[in-house]
Amino acid sequence: MARWNGILPSLNEPPEMTSSVLFFPDTNIFLQCRDLKELPWQEVTDSDHVTLMVSRPVQEEVDRLKQAGNARRAKRARRTNSMFRKLLIEGEDSLVIRESAPRVELVLARPAAVEVPEGLDPTRADDQLVAEALALHSAEPGVQVALLTNDTNPAMTARQHGLKFVLAPENWLLDPEPDGRDRRIRTLEERVRRLEASTPQIEIQPIQGEIPLGGPLVINIKRYRALTEAEVADLIEEARTAIPGTVDLSQGQTPKPLITLGRKLDYILPSEDEVRRFEEEEHPAWIQRLESFLDGLGPRLGYPSRCTCVSVSIDNSGSSPALSAVVEFITTPGLLLDAPEKEDRPVDDVSAISAPTPPAPPKGTWKPKLTAFEEVAKNLSQSALLGGGGFGPGMLSHLRDPILPPTFDIKRDRDPHAFFWKPNRPSVPEDHWQFECAEFRHRVEPEWFEVRLLVDTDPDNAVTSACLTVRVTASNLPEPTVMKLPIRVEYTEQDCVEEARELVRRAVATEHR
């Protein structure tokens, strides 16, 4: 039987204590758990008084690990060893770690020979720890003794020899100590953070209407079939019926002259030249324009639905401006950036499309009969306009070539904080836009770009998916900022006959207003 021979000091419990427990803590309780006074002891015991008996193996391991450099384990070992030294120097039996709820005291086991039970290896620290706990349990059967550890090996050994054990809860443990690789990663992350803090931070957000786009942009296209030759011929015949190509002047007789406001008005029939010009030139030209309009009407009707407007907000939220910033808009095949217009026009309104209006057939007019004096004045005016004296081009001879405004260097005089086309504003749809800004300011209002996307509706190669890429680069931006907006294209087949008929009726009606 193992004997303690006075190893256990005098443990005089305060009179108010009703129960107590004596734990043999493993080394990991001191090195891997939070501070002893901060631990929630109520999670492992209901006792009012907790005694932590530091065995000789634990004392020796703590003393050895305090020399293990500057790692956290060595620092914790040095701090734990300082508690042990305090007990030795002050000559006290115990060190009060916590006064109440529960009261926690630390006690150093005194040197003594302990008989190691069969099955335990006296050369192993864990087995020595269990042996000392078993020795005290045998010597003091009235004392509640248990092993306190975070390792499964000593806990398994204690169970095999009938010794109670308590495993430290997970929330008692310190966060894992970062290894060399973790420390290098943390150092690099800090360097990146400092670098990013001193550079522009570009944020790109696509918006349709007033709603930010968080997913694909859906474009619904109305695809109109082309009119057949027979359908075009029927529509042309309707137009000819409404606006005949001949002028009939035989109906009725010339009205008698009228007298209005004391003046005599004569009714003048259209001249033969006016009639000929209408019948042989104006009306045939209108029919020809109308045929061309109807032949290409299908694509024109579908054009509004092919266009979709998207706003792109670009913000610099960093701590410095983006120098020599370039913003690029790039589309995949089948998707184009429609040429910007000077004036906005609706892109979803078919009513913006109109058929050629017909010429007005010549008609008779009422004209006042000139007096003799008015005839003379008219002749004088015509003579002056033909180069005679008095009134004529000579009176404008003092006007010369217009004075042009002074020129200026656009590159030099334009706002360095604004974006400009690079190199020039496009006049046709393209798949690549570029804007440049000498100094894109930070932490101000975002820059807005209005983009009108145009889908190519080639029937032999209909696009069903596409992508708009927005890329921002700058001389002081380590990496380009890129945003990719996926686009899904859906089609609805349409018949344009009724649309065409309505457009022709609308055009013909303008002549009768």
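Just above, that's the structure.
If you're wondering where the values come from, they're calculated on a predicted model, not measured in any experiment. (Residues numbered from 1 in each chain as written. Predicted model: local features only at pLDDT ≥ 70, side-chain atom pairs only at ≥ 80, totals over all residues. Heavy atoms only, no water.)

**Description of unusual backbone geometry**
Note the cis peptide between Ala-101 and Pro-102, where omega equals -15°. Here Pro-102 lies in the loop between strand S3 (95-98) and strand S4 (103-108). Note the cis peptide between Lys-422 and Pro-423, where omega equals -5°. Relative to the helices and strands, Pro-423 is located in the loop between strand S16 (420-421) and strand S17 (432-440). Here Ser-324, not a glycine, exhibits a phi torsion of approximately 50°, which is positive. Mapped onto the secondary structure, Ser-324 falls in strand S13 (residues 322-331). Classification of Ser-324 by relative accessible area gives partly exposed; the value is 47%. (Helix = DSSP H or I, 4+ residues; strand = E, 2+ residues; numbered from the N terminus. Buried < 20%, exposed > 50% of the residue type's maximum accessible area, 1.4 Å probe, protein only.)

**Here we look at helix H3 (residues 72-90)**
Taking 1.5 Å as the rise per residue, H3 with 19 residues should run 27 Å; its terminal C-alpha atoms sit 27 Å apart, in good agreement. Listing the buried residues of H3 in full gives Ala-74, Arg-76, Ala-77, Thr-80, Asn-81, Phe-84 and Leu-87. Down the axis of H3, the smallest arc covering the buried residues is 160°, so these residues share one side. Structurally, H3 contributes buried residues whose contacts are with helix H1 (27-31), strand S2 (49-54), helix H2 (56-65), S3 and S4. Following H3 by one or two positions, Gly-91 adopts a phi angle in the positive range, close to 70°. (Expected span 1.5 Å × (residues − 1). Arc of directions from axis to C-beta. Contact = heavy atoms within 4.5 Å.)

**Points about the packing of aromatic side chains**
Overall, the coordinates contain 11 aromatic pairs when judged by the stated rule. When the ring of Trp-41 is compared with that of Trp-172, the centres are 5.1 Å apart and the planes differ by 70°; the resulting orientation is edge-to-face. Taken as a pair, Trp-41 in the loop between H1 and S2 and Trp-172 in the loop between strand S6 (165-167) and helix H6 (180-197) lie far apart in primary sequence, 131 residues in all. Residue Trp-41 shares its accessibility class with Trp-172, and that shared class is buried. Residues Trp-421 and Phe-435 carry aromatic rings whose centres are separated by 4.2 Å and whose planes lie at 40° to one another, so their mutual orientation is tilted. Of this pair, Trp-421 sits in strand S16 while Phe-435 sits in strand S17, and the two are 14 residues apart along the sequence. An aromatic cluster is present here, built from Phe-329, Phe-419, Trp-421, Trp-433, Phe-435, Phe-440 and Phe-449 joined pairwise through their rings. (Phe/Tyr/Trp six-rings, centres within 6.5 Å; stacked < 30°, edge-to-face > 60°.)

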